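Examining the three-dimensional arrangement
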Amino acid sequence: MPPLFDWQFAADPYPAYAWLREHAPVRRTRLPSGVEAWLVTRYADARQALADPRLSKNPHHHGEQGAHGKGKVGIPGERSANLMTHLLNIDPPDHTRLRRLVSKAFTPRRVAAFAPRVRELADGLIDSFAARGEADLIHEYAFPLPIYAICEMLGVPREDQEDFRTWAGMMIHQPGSPRGGVGRAVKRMRAYLAELIHRKRAELARTGSGDDLISGLIRASDHGEQLTENEAAAMAFILLFAGFETTVNLIGNGTYALLRNPGQRALLQRAVADGDEELLAGAVEELLRYDGPVELATWRFATRELTIGGRRIREGEPVLVVLAAADRDPEKFTAPDTLDLTRQDNQHLGYGHGIHYCLGAPLARLEGQTALAALLRRLPDLELAADPAELRWRGGLIMRGLRTLPVEFTAADR
């Protein structure tokens, strides 16, 4: 069996996942944290597991007592910061109630209305480095774009957004961010969000106005069914946390894949020039399938004994669905290791499946399409400025993303 979870695996996990799909599609594995979990790698098994109500999202169902409190499962620091009551950690009926309330505020209409601002943010960031002829696209583009976008959508004042950029950098170990750990950043973000929600609630009571997402969450909570203060803060946090890192990786991994596949990049560049939004949308779906931002779905725990792919999972055992492996399953996708931006019927699992399907997927898709289109339009001769073997991927179990992406291009006139 190929080694798992070392730095060489992180650079290209797909051969190891292919071996697992063929020889051990549901395999119990010891993770770097010491926790043992089942890895599910085939598409059919993955889709079943993602929708199986016997697999709970609540870490309290984990058979290894104390693992969550020690940061071995879940988001580090979320328990001590009182941030447990969000959609990634709960099951029906609480999940159903929270998702319905949040959906009242986080609507497709709100996302669509935000599109012009996302384009402005993308162009502004490109303006900041276009005259240099070189950039690190992770640090200068893929990372700040979704941070500023979700901050503005939530209603974080612009004078506070740099704090969020700092905290977010600490949470994903962004180069140049101050040290101090994920837990400290989570606590600071939680305290800020609680205070901001308090201010927004007072402002709504006084003026009745407020069209940002936090105000929408408060309004949704104040009509019969209610979000508690903790639930509102936890939901704002998870929308920010889940909504920025996934999009950082979508933009970074997607740009890298295009740079490594010049024929497909040229196809998309022509589509952007021609205003072919259908091909652009399909291209982002294929980039999500080919090398998506979420490598493994977040933790699930068996509430009773069940069988997946012929293997018996006992009550309390953790299950990790390997989205990256499922989305390259040749039983589901023709030529799965080939990037094909014109691929049809692309039912990838990049944003999950079932009741936990990613609520923020429309915003992530909008940001991905906008970011890639702006790069190809503004920097048409963009090239990778490093040997691919020298690039490093961020450590971590769930997400998949580059630490840096150095590029060069013809400098724009000032």
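For the structure, see preceding data.
Residues numbered from 1 in each chain as written. Predicted model: local features only at pLDDT ≥ 70, side-chain atom pairs only at ≥ 80, totals over all residues. Heavy atoms only, no water.

Considerations on the overall build of the chain
Helices and strands together make up the secondary structure of the chain, namely 16 helices and ten strands. Counting only residues that meet the buried cut, the chain has 56% of its 414 residues in that class. Taking the intrachain contacts of the chain between residues at least 6 apart in sequence as the baseline, contacts between residues at least 24 apart amount to 70%. Summed over its atoms, the accessible surface of the chain is roughly 17600 Å², and 49% of this surface lies on carbon and sulfur atoms. (Helix = DSSP H or I, 4+ residues; strand = E, 2+ residues; numbered from the N terminus. Buried < 20%, exposed > 50% of the residue type's maximum accessible area, 1.4 Å probe, protein only. Contact = heavy atoms within 4.5 Å. Areas by Shrake-Rupley, 256 points an atom, 1.4 Å probe, with all protein chains shown as cover.)

Concerning helix 3 (residues 43-50)
Because each turn of an α-helix spans 3.6 residues, side chains separated by three or four positions in sequence point in the same direction. Buried within helix 3 we find Tyr43, Asp45, Ala46, Ala49 and Leu50. Taken end-on, helix 3 shows its buried residues confined to a sector of 160°, consistent with a single buried face. (Arc of directions from axis to C-beta.)

Comments concerning the packing of helix 14 (residues 277-291) against helix 16 (residues 361-378)
Where helix 14 meets helix 16, the axes come as close as 10 Å, and the angle between the chain directions of the two elements is 110°. Here helix 14 lies roughly perpendicular to helix 16, going by the angle between them. Along the contact surface, helix 14 presents Leu280, Ala281, Val284, Glu285 and Leu287, while helix 16 presents Arg365, Gly368, Gln369, Leu372 and Ala373. By residue class, the composition of the contact of helix 14 with helix 16 is six nonpolar, two polar and two charged. (Axes fitted to C-alpha atoms, helices over the stretch in contact; angles between N-to-C directions. Parallel < 35°, antiparallel > 145°, perpendicular 65-115°, else oblique. Nonpolar A, V, L, I, M, F, W, Y, C, P; charged D, E, K, R; others polar.)

Re the pairing of strand 8 (residues 318-321)
By the alternation rule, side chains of strand 8 split into Pro318 and Leu320 and Val319 and Val321, which are all buried. Relative to strand 8, strand 2 (residues 36-40) runs parallel, the two sharing three bridges. Residue pairing across strands places Leu39 opposite Leu320, the latter belonging to strand 8. (Pairing = 2+ DSSP bridges.)

Quick word on the packing of aromatic side chains
All chains considered together, the criterion is met by eleven aromatic pairs. A centroid spacing of 6.2 Å and a plane angle of 55° characterise the contact between Phe129 and Phe409, whose relative ring orientation is tilted. In this pair, Phe129 is assigned in helix 6 (residues 115-129) and Phe409 in the segment after strand 10 (406-408), connecting sequence segments 280 residues apart. Residue Phe129 is classed as buried on the basis of its relative accessible area, which comes to 0%. The exposure class of Phe409 is buried, given its relative accessible area of 9%. (Phe/Tyr/Trp six-rings, centres within 6.5 Å; stacked < 30°, edge-to-face > 60°.)

A short note on the sheet that holds strand 2
Taken together, the five strands give an open sheet; going across it, the order is 1-2-8-5-3, and neighbouring strands pair in mixed fashion. Looking along the sheet, the strands with just one partner apiece sit at the ends: strand 1 (26-30) and strand 3 (55-56). Pairing between strand 3 and strand 5 (residues 300-302): two bridges, direction antiparallel. Paired with Ser56 across the strands is Phe301, a residue of strand 5. Sitting on the sheet, helix 3 is in contact with strand 1, strand 2, strand 3, strand 5 and strand 8, with an inclination near 125° to strand 8.

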